[in-house]
Every structure is written in C-alpha cells, then in structure tokens.
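# Coordinate inspection notes
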Amino acid sequence: MPPFDLILRRARLQDHSVPQDIAIAAGTFAAIAPRLDATAREEIDCSDRLAIPPFVESHIHLDSADTAGEPRWNESGTLFEGIEIWRDRKQKLSIEDVEQRAIATLKTQAAQGVLHVRSHADVSESSLIALKGLLAVREEVKDWMNLQVVAFPQDGLYGSPQQLELMEEALKLGADAIGGIPHYELTREDGVRSLQQIFDWAEQYDKLIDIHCDEIDDDQSRFLEVMVAQTLRRDLGSRVTASHTTAFHSYNNGYAQKLLGSIRRTQLNCVANPLINITLQGRTDTYPKRRGVTRVKELWQQGNNVSLGHDCIRDPWYSLGTGNMLNVAHMAVHICQMTGREQVKACLDMVTHNGAKTLNLDDRYGIALGRPASLVVLDASDEFEAIRTQAAALYTLSHGRILACTPAARPKLFLPEPSPRL
Ligand code: 17E
Ligand code: FE2
C-alpha cells in the first residue's frame, strides 16, 4: 500500500465506540479503522481526543465585524440603535475596509476550527460595497474557507426606491442566498409582500433563502408562518432558512404549538443566535425579562434542523464575540435550557452537522471515506466535555492540510506548603 499523506492515530469519532486511525490521501479521507497498519509522510497522535467535522458558522455579519464603537457605541443595546449606528458607519465603507476586516475575522474563525461560514452582506447602500467586498473575499479565501454570502437588505426591501433593483443586481453579481427582514418593513403587508418577492427571486435565480425573520419581541410579529407556507407551497424545503425568529419566544403557547406543527411539515432550517439575542431582546421589559431566543429545544425535539450562529463579532449590535463556536453552543445550553446529557451533545451538532445542513453542504461535509479531509481535533474526550470546557481546537485540518493548531493549555498549580498543625 502506498504511504498516505497523513494519518491521525487514536482519534475519537462521534459514531464509533473505540478510537480510530484516520488516513488521508490527496486531500480526502482514504481509510478509517481502529488500527491502520500503514505508513504516512506525517502522523498525528490524537491520544483519544475527539475529532469532529469542522465547525460551521451558519449566521454572521462579516461586513460589520470589528466596527464596534464606530462612530459610537450602542448604549441602548437594541437592534434598532444598532441599525442606526451601522447606517452611519456604512457610509464610510470601502472594498478594502470590508475585505480587511472580513479576512481578519475569517482567520480568527479558522484558527478555532471554523471552515464553513455563511455571512450576510448588507445590500441597502447604493454601491453594494459590502456585497462586492465579501464576494471578493469569498474568492480570495476559497482554498481554506468556504464562504457563502447572503444579499441582505438591512433597511428593508421597501426601505428605498432603488432597493428592489439593488437586490436583483446583488443576485446577478453572485450572492449565494437571498435575505430579507420582514419584521422591519413599515407594515405587516409589506413584510408579507417582501417574502413573496424573495421566494419568487429564489426560484427565478436558483438561490438559497436566509431571512432575518421576526427578530423582535413583538408577539404579533408572525412572518415565520408566511415563510413556512411559501416553503411548503413551492416545495423548497431545506433550501430555506429562518434566522433569529426571536418573536417565537413570545408567542402564546397555543399559537406556538400550531406553528411548530406546520414547521414539522417542512425541511426548513432554523438558526438561533443565542449570544446576541440574549443581549438585544427583552430591552423593553422591566421584570421579569424575556430571554428572547427562539424555541430551540422544541424545534430540535420534533426533528427540525436547528443550527446556531455567532451573528456578530465586535459590531454595532454586539461588541463582544470571539468567533469560537463552542462559546455559542455553551450559551445555547444555558439560555435554551438544553442541559440534559443528550441535549448538551445536540448543541454541538448545532454548530457542526446541523450548520452543514443549513448551508446545504451535502457530501462536502463529514468524516467519511471519499469526503474532503477536513476536521477538528478538540482537547476533549467527548462532546459533553468539549462544550463544558470550551475545548481548544488542537488541530484543524482543511482538505488534508494542517491549517491551524493550538497547543493544549495545561496550567501549573503552585500550592503553598500545608501549615503545620498546632
Ligand atoms: N442586523 C439585524 O437586522 N439583526 C442583527 N442581529 C444584526 C444585524 C447583527
Ligand atoms: Fe443576523
């Protein structure tokens, strides 16, 4: 047998009970077995650490990343103040500015094992700079990062007279998906009309859909039901994603039950962004304060695909953020009360396998023979420990190459000598 390019020894895989050796040749997984009697140009001893497919960031805004405080800080902490601050900041965008911040953010993500990212690009400014910048970045990083770009009309599809034209131009320029923001349109009717338009375009231009939907604490904001109806009637299934859906938190349980039932009839993907929505939502409440994150546990329990996103890294909506997907999963465990043993593990799926479904990655994702040899070795023995300790990404492999490594942190403890007993 010819030597492989790389063999990972003794890696724990999610669907195997004993550690496996993983051999890689020509950038793909070539053999997986408990003990491979073969050689390779390079070997890595995983010592029983968990190896998972790469993290998937299924919802982020790279165009605004790293602009927190520019030109001012969001003091109210609301979505609306964030949109106003960004409206000022985006007047100063240049392609270089977008590229530089986006690439720096993608490097931070890759260093932590994220190799697939879906970013929204605001297309509500007349020269489409954010979109053009992110499309250039998509090309520039393609050898180490798979980036999808959503044309997102932050100020509303009917926010300016030229917005419809700008959207179509964005689709022709090569956006992967169409975005929307129905709860921010001036009226309920405009919100519904915007969704119909977006679904029409998706069919016409053969694009995926990812809508910022019902990101508000208003229990009367009911655009998710419209998305569900459109998805069912047009048979678009998993090509459609509903992001945020925070109003779902506030619906009365009677309506929520009906809505869950209709969502169950679709393959629609739902994305929650727990880090940011726990800070943006509930701002008009006194006490008790709503959490305002969508019904992740219920959607997961009934078998719908739920993934998690960071949404923001240092921007007008959220001035924190590290890009680490275990941080996101950890927050979801808490806010969504996913603390059962299987529930914690499910939160890891939401930043890996489920994110891959949201992005429609199909057989481009997963540790299986013939697939691209991309994975992350975590400094943890299993999924639960990975989340509990927010484990470091010891090795990140992209198409068979080591793209990043983080040495395991092993703190030393210098305890004082015990005091003599009196
Ligand atoms: N824009 C928006 O409408 N909602 C968000 N959460 C962000 C940007 C980050
Ligand atoms: Fe968002």
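Structure: see above.
This report concerns the structure included in the present document. Keep in mind the model is a prediction, meaning the values are calculated, not measured.

Glancing now at the site of ligand 1. For ligand 1, the full set of nearby residues is His 61, Leu 79, Phe 152, Gln 154, Ile 181, His 212, Glu 215, His 244, Ile 276, Asp 311, Cys 312 and Trp 317. Contact distances for ligand 1 include 2.7 Å between a nitrogen atom and a side-chain N or O atom of Gln 154. The contact in question runs from a nitrogen atom of ligand 1 to an N or O atom on the side chain of Asp 311, over 2.8 Å. Computed on the free molecule, ligand 1 has an accessible area of 260 Å², of which 100% lies beneath the protein chains in the complex.

Let us now look at unusual backbone geometry. The step from Glu 70 to Pro 71 runs through a cis peptide bond, and the omega angle for that step is -5 degrees. The amide bond that connects Tyr 287 to the next residue, Pro 288, takes the cis arrangement and shows omega of -5 degrees. Inspection of the secondary structure puts Pro 288 in the loop between helix H8 (274–280) and helix H9 (296–301). A positive phi angle is found at Asp 214, which is not glycine, with a value near 55 degrees. Mapped onto the secondary structure, Asp 214 falls in the loop between strand S10 (208–213) and helix H6 (224–234).

In the structure shown here, the tally under the stated rule is 0 disulfides. Looking at Cys 336, it has no disulfide partner, and the nearest cysteine sulfur is the one in Cys 347, 6.7 Å off. You can call Cys 336 buried: its relative accessible area is 12%.

Let's shift gears to the coordination of the iron ion (ligand 2). Donor atoms from the polypeptide that bind the iron ion (ligand 2) are His 59 (NE2), His 61 (NE2), His 212 (NE2), His 244 (NE2) and Asp 311 (OD), placed at 2.2 to 2.5 Å. The sequence motif formed by the donor residues of the iron ion (ligand 2) is H-x1-H-x150-H-x31-H-x66-D. Of this pair, His 61 sits in the loop between strand S6 (55–60) and helix H1 (79–89) while His 212 sits in strand S10; the two residues are 151 residues apart in sequence, bridging distant segments of the chain. For His 61, a relative accessible area of 7% puts it in the buried group. Residue class for His 212 comes out buried when judged on its relative accessible area of 3%.

Definitions and cut-offs
Residues numbered from 1 in each chain as written. Chains lettered and ligands numbered in written order. Predicted model: local features only at pLDDT ≥ 70, side-chain atom pairs only at ≥ 80, totals over all residues. Heavy atoms only, no water. Near = heavy atom within 4 Å. Polar contact = N/O pair within 3.5 Å; in protein donor to acceptor, adjacent residues only side chain to side chain. Areas by Shrake-Rupley, 256 points an atom, 1.4 Å probe, with all protein chains shown as cover. Helix = DSSP H or I, 4+ residues; strand = E, 2+ residues; numbered from the N terminus. Disulfide = S-S within 2.5 Å. Buried < 20%, exposed > 50% of the residue type's maximum accessible area, 1.4 Å probe, protein only. Donors = N, O, S within 2.8 Å, 3.2 Å for Na, K, Ca; no water.

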